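Coordinate inspection notes
Listed here are the chains, written in short residue letters.
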Amino acid sequence: MEIMENCIFCKIKDKQIPSFEIWSDDKFYAFLDINPISPGHTLLIPKQHVDYLFDIDEKQYSELFMTARKLAPMLKRGTGAKRIGIIVEGFLVPHAHIHLVPLNQGNQLNPANAKPMDKTELAKIAERIKNVL
Ligand code: AMP
Ligand code: ZN
């Protein structure tokens, strides 16, 4: 698949840069955010490079959200969270992505709560979630 030069998420889905993969198929890739709002905070991306979420063609857009719907119960089970929340911003990385964030209380879904997580901890959480899948 075509890779957008200098796009960090294109490099991640092509495994040129390591990531904590949760799940993937031929069109989408899900991996842990390295600065999570909560444990299990996942980024779901289309493998095809498009910057802005609402520029994705209709079919792929529906498939992206159907994929989020499929992953959410697995993230919920893998983390024990009460709900999975969604954020879309995209100011830092110009490759469309949906943040899927495990939540246990109101007002937790706030990017200001994001902080770097240790790689060992990320690896452990990724394994836990993948075991549910
Ligand atoms: P935004 O574009 O504002 O939605 O934010 C991009 C998100 O990508 C942030 O939450 C970053 O922590 C996350 N991020 C950036 N680089 C990586 C990476 N190499 N692996 C995982 N997550 C990343
Ligand atoms: Zn890209």
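Within each chain, residues carry numbers counting from 1 in the order of the written sequence. Labels follow written order: the first chain is A, the first ligand is 1, and so on. With pLDDT at 70 or above as the cut-off, local features in this predicted model cover only qualifying residues; side-chain atom pairs require 80 or more to be listed or tallied, and sums for whole chains, interfaces and linings still use all residues. Side-chain numbers come from the whole structure's heavy atoms, not from hydrogens or water.

1. A few points about the pattern of salt bridges
Whenever a carboxyl oxygen of Asp or Glu lies within 4 Å of a side-chain nitrogen of Lys or Arg, that contact is scored as a salt bridge. Inspection of the entire model under this criterion finds six salt bridges. The residue Lys27 makes a salt bridge to Glu63 at a minimum N-O spacing of 3.1 Å. With Lys27 in the loop between strand E1 (21–24) and strand E2 (28–32) and Glu63 in helix H2 (residues 58–79), the pair connects residues that are 36 residues apart, well separated along the chain. Exposed residues in this analysis have more than 50% of their type's maximum accessible area, buried residues have under 20%, and partly exposed residues fall in between, with area computed by a 1.4 Å probe over protein chains only. Take Lys27: its relative accessible area is 29%, and that puts it in the partly exposed class. According to the relative accessible area criterion, Glu63 is partly exposed, its value standing at 22%. Two residues, Lys59 and Glu63, come together in a salt bridge whose shortest N-O distance is 3.1 Å. A residue pair is termed a helical-turn pair when its members lie 3 or 4 positions apart in one helix, as Lys59 and Glu63 do in helix H2 at four residues. Helical segments are the DSSP runs of H or I of at least four residues, strand segments are the runs of E of at least two, and each set is numbered from the N terminus.

2. Description of H2
For the α-helix, the turn length of 3.6 residues means that residues three or four positions removed from each other point alike. In this model, H2 (22 residues) spans 31 Å end to end at C-alpha, consistent with the 32 Å of a helix rising 1.5 Å per residue. The angle between axes fitted to the seven-residue stretch ending at a residue and the seven-residue stretch beginning at it gives the bend at that residue. Of all the bends found along H2, the most pronounced is centred on Leu71 and spans about 25°, while Pro73, a proline, follows it within four residues. Identification of polar contacts relies on pairs of N or O atoms within 3.5 Å, with a donor-acceptor requirement for protein atoms, meaning one able to donate a hydrogen and the other able to accept it, and with residues adjacent in sequence counted only if both atoms are side-chain atoms. Capping the start of H2 is the job of one residue whose side-chain oxygen sits 3.1 Å from the backbone nitrogen of Lys59: Asp57. Here a helix's expected span is defined as the number of its residues, less one, multiplied by 1.5 Å.

3. Some remarks on the UniProt feature "active site" (unreviewed entry) in the protein chain
Summarizing the sequence annotation, UniProt attributes the feature "active site" (unreviewed entry) to His97 in the numbering used throughout. Following the sequence through the fold, His97 ends up in the loop between strand E4 (83–87) and strand E5 (98–103). When its relative accessible area of 7% is taken as the criterion, His97 is described as buried. If we ignore the near neighbours within four places in the chain, the residues touching His97 are Phe9, Leu43, Leu44, Ile45, Val88 and Gly90. UniProt positions are given in the numbering used here, feature names are shortened, and annotations may be inferred rather than shown by experiment. Residues are treated as being in contact if the distance between any of their heavy atoms lies within 4.5 Å.

4. Here's the deal with the UniProt feature "domain: HIT" (unreviewed entry) in the protein chain
Taking the numbering used here, the UniProt-annotated feature "domain: HIT" (unreviewed entry) corresponds to residues 8–110. With 27% helix and 24% strand, residues 8–110 has its two end C-alpha atoms placed 23 Å apart.

5. Some details on the site of ligand 1
For each residue, the test is whether any non-hydrogen atom lies within 4 Å of the molecule or strand; if one does, the residue is near. Surrounding ligand 1, one finds 16 residues, the nearest of these being Asp33, Asn35, Val93, His97 and His99. Here an oxygen atom of ligand 1 and a backbone polar atom of Phe91 are 3.4 Å apart. Between ligand 1 and the protein, one listed contact pairs an oxygen atom with a side-chain N or O atom of His99 at 2.7 Å. Protein burial of ligand 1: of its 500 Å² of free accessible surface, 87% is covered by the chains. Those elements giving two or more residues to the shell around ligand 1 turn out to be helix H1 (8–13) and E2. Counting residues per element, the shell around ligand 1 draws most heavily on H1, which supplies three residues. By residue class, the composition of the shell around ligand 1 is 10 nonpolar, four polar and two charged. The method behind every accessible area is Shrake-Rupley, applied with a 1.4 Å probe, and residues are considered shielded solely by the protein chains displayed. Charged residues are taken to be Asp, Glu, Lys and Arg, nonpolar residues to be Ala, Val, Leu, Ile, Met, Phe, Trp, Tyr, Cys and Pro, and polar residues to be all remaining types, Gly included.

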